[in-house]
Amino acid sequence: GYSVNSRNQRMCAVKSFLRYAAEKDKILMPLFLDVKVIPKKKDTRVREIEFFSESALKAILEQPDRNKKNGQRDLFFMILMYDTGARVQELVDLTLGDIRLAHPAMVILTGKGQKSRQIPLMKETCRLMDRYISRFHPPKAPKETPLFYNRDKKPLTRYGVTYILKKYAKKADAALNSKNISPHVLRHTKAMHLLRAGVNMIYIRDFLGHVEITTTEVYARIDAEMKRKVF
């Protein structure tokens, strides 16, 4: 009765444990090798993915108070998360050393498995980044300094970012179900907007940092299902 993802995660844990056990006792190596080749389950269902429409995204980005320091930080954080399609952990882990404002401007994201990818910054985002760094960081700050931090000067957490996004989504529209809103919704939103703009699926895969194209294709299936319902 568990989902395919849950079963795959548990199988991964079993394989990891057996690998460890086989290293301790070589007699268990045949057992580990037998289990190691068990393939992952494939989820053929069309998953329901939450994402914002252009108007909803615009409404959310209009909520932070730009006259307050925290409002400026929150606004730029949401802009950068959408613009880069980054996972929330990739954003909170960013340091000043991961930012390049000289041409070509880019941000270096470190994702799952410590794999890094370079995401180009649009001209307007680059301008906002320059303003944000000047406002929130002293000149010649160490490169390992977290890009985003809270009032205690500690790096933002995933829970803190979720709270921020839900707060502004609720302000933007009471009809938005804040229970289903998470930072990952901005990542889904970027993917859907890229797809609808006609960007090649391979580029979207690399942009999001997916290992396999099948992970990215879920957006195409969802978009096709939405069009089918409309027709």
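What counts and how
- Residues numbered from 1 in each chain as written.
- Predicted model: local features only at pLDDT ≥ 70, side-chain atom pairs only at ≥ 80, totals over all residues.
- Heavy atoms only, no water.
- Helix = DSSP H or I, 4+ residues; strand = E, 2+ residues; numbered from the N terminus.
- Buried < 20%, exposed > 50% of the residue type's maximum accessible area, 1.4 Å probe, protein only.
- Contact = heavy atoms within 4.5 Å.
- Areas by Shrake-Rupley, 256 points an atom, 1.4 Å probe, with all protein chains shown as cover.
- Lys, Arg positive; Asp, Glu negative; His and termini not counted.
- Charge placed at Lys NZ, Arg CZ, Asp CG, Glu CD.
- Pairing = 2+ DSSP bridges.
- Core = buried A, V, L, I, M, F, W, Y, C linked by side-chain atoms within 4.5 Å.
- Axes fitted to C-alpha atoms, helices over the stretch in contact; angles between N-to-C directions.
- Left-handed = near helix turned anticlockwise from the far one by under 90°.
- Nonpolar A, V, L, I, M, F, W, Y, C, P; charged D, E, K, R; others polar.
- Salt bridge = Lys/Arg side-chain N within 4 Å of Asp/Glu carboxyl O.
- Phe/Tyr/Trp six-rings, centres within 6.5 Å; stacked < 30°, edge-to-face > 60°.

Colleague: Can you lay out the overall build of the chain for me, pointing to particular residues and giving the numbers?
Modeller: On a plain count of helices and strands, the chain comes out with ten helices and three strands. Listing the helices and strands of the chain from first to last along the sequence gives α-α-α-α-α-β-β-β-α-α-α-α-α. Within the chain, the proportion of its 231 residues that are buried is 39%. If you take every contact in the chain between residues at least 6 apart in sequence, the share linking residues at least 24 apart comes to 57%. Surface accessibility of the chain: about 14900 Å² in total, with carbon and sulfur atoms responsible for 55%. Across the chain, the 45 positively charged side chains and the 24 negatively charged ones have centroids separated by 2 Å.

Colleague: I'd like a rundown of the sheet that holds strand β3 (residues 116-120), residues and numbers included.
Modeller: Within a sheet, neighbouring strands are paired by backbone hydrogen bonds and run either parallel or antiparallel to one another. With antiparallel pairing, three strands are arranged side by side in an open sheet as β1-β2-β3. The open sheet is flanked by β1 (99-100) and β3, the only strands paired with a single partner. Bridging between β1 and strand β2 (residues 106-110) involves two bridges; their strand directions are antiparallel. Residue pairing in the sheet places R100 in a bridge with M106 of β2.

Colleague: Account for the nonpolar core, with residues named and values stated.
Modeller: Membership of the largest hydrophobic core comes to 56 residues, with the highest contact counts inside it found for L80, L91, L147 and F148. With eight residues, helix α4 (residues 69-84) is the largest single contributor of residues to this core. Excluding anything up to four places from it in sequence, L80 contacts L91, L94, L121, T125, M129, L147 and F148.

Colleague: I'd like a description of the packing of α4 against helix α6 (residues 123-136), backed by residues and values.
Modeller: Relative to each other, α4 and α6 sit at 145°, their axes nearing to 11 Å. In this structure, α4 crosses over α6, and the sense of that crossing is left-handed. In this structure, α4 contributes K69, Q72, R73, F76, I79, L80 and D83 to the contact, and α6 contributes T125, L128, M129, Y132, R135 and F136. A per-class count over the contact of α4 with α6 returns seven nonpolar, two polar and four charged.

Colleague: Tell me about the pattern of salt bridges, residues and numbers included.
Modeller: All chains considered together, the criterion is met by six salt bridges. A salt bridge links R127 to E124; the nearest nitrogen and oxygen atoms lie 2.4 Å apart. Of the two residues, R127 and E124 both sit in helix α6, three residues apart, roughly one turn of that helix. For E124, a relative accessible area of 42% translates into the label partly exposed. A network of salt bridges, in which partner residues are shared, links R87, E90 and R117.

Colleague: Tell me about the pairing of β3, and please be specific about residues and values.
Modeller: Burial along β3 is one-sided: R117 and I119 are buried, while S116, Q118 and P120, pointing the other way, are not. From the end of β2 to the start of β3, which pair antiparallel, there are five residues, and G113 there has a positive phi angle of about 70°.

Colleague: Before we move on, could you go through the pairing of β2 and cite the residues and values that matter?
Modeller: In this antiparallel pair of consecutive strands, β1 and β2, the connection spans five residues. In this structure, β2 lies alongside β3, joined through five bridges in antiparallel fashion. Note that in β3 the partner of L109 across the bridge is R117.

Colleague: How would you explain the packing of aromatic side chains if you had to name every residue and give the values?
Modeller: The final tally for this structure, using the stated rule, is six aromatic pairs. Summarising the aromatic geometry, the rings of Y132 and F136 are spaced 4.5 Å apart at their centres and angled 20° between planes, so their arrangement reads as stacked. In this pair, Y132 and F136 both sit in helix α6, four residues apart, roughly one turn of the helix. An aromatic cluster of three or more residues is present, and its members are F76, F77, Y132, F136, F148 and Y149.

Colleague: Go over the side chain of R87, please, and point to the residues and values.
Modeller: Inspection of the secondary structure assignment puts R87 in the loop between α4 and α5 (88-92). Classification of R87 as buried rests on a relative accessible area of 13%. Residue contacts for R87: discarding those within four places in its chain leaves G111, K112, R117, H184, R187, L208, G209 and H210.

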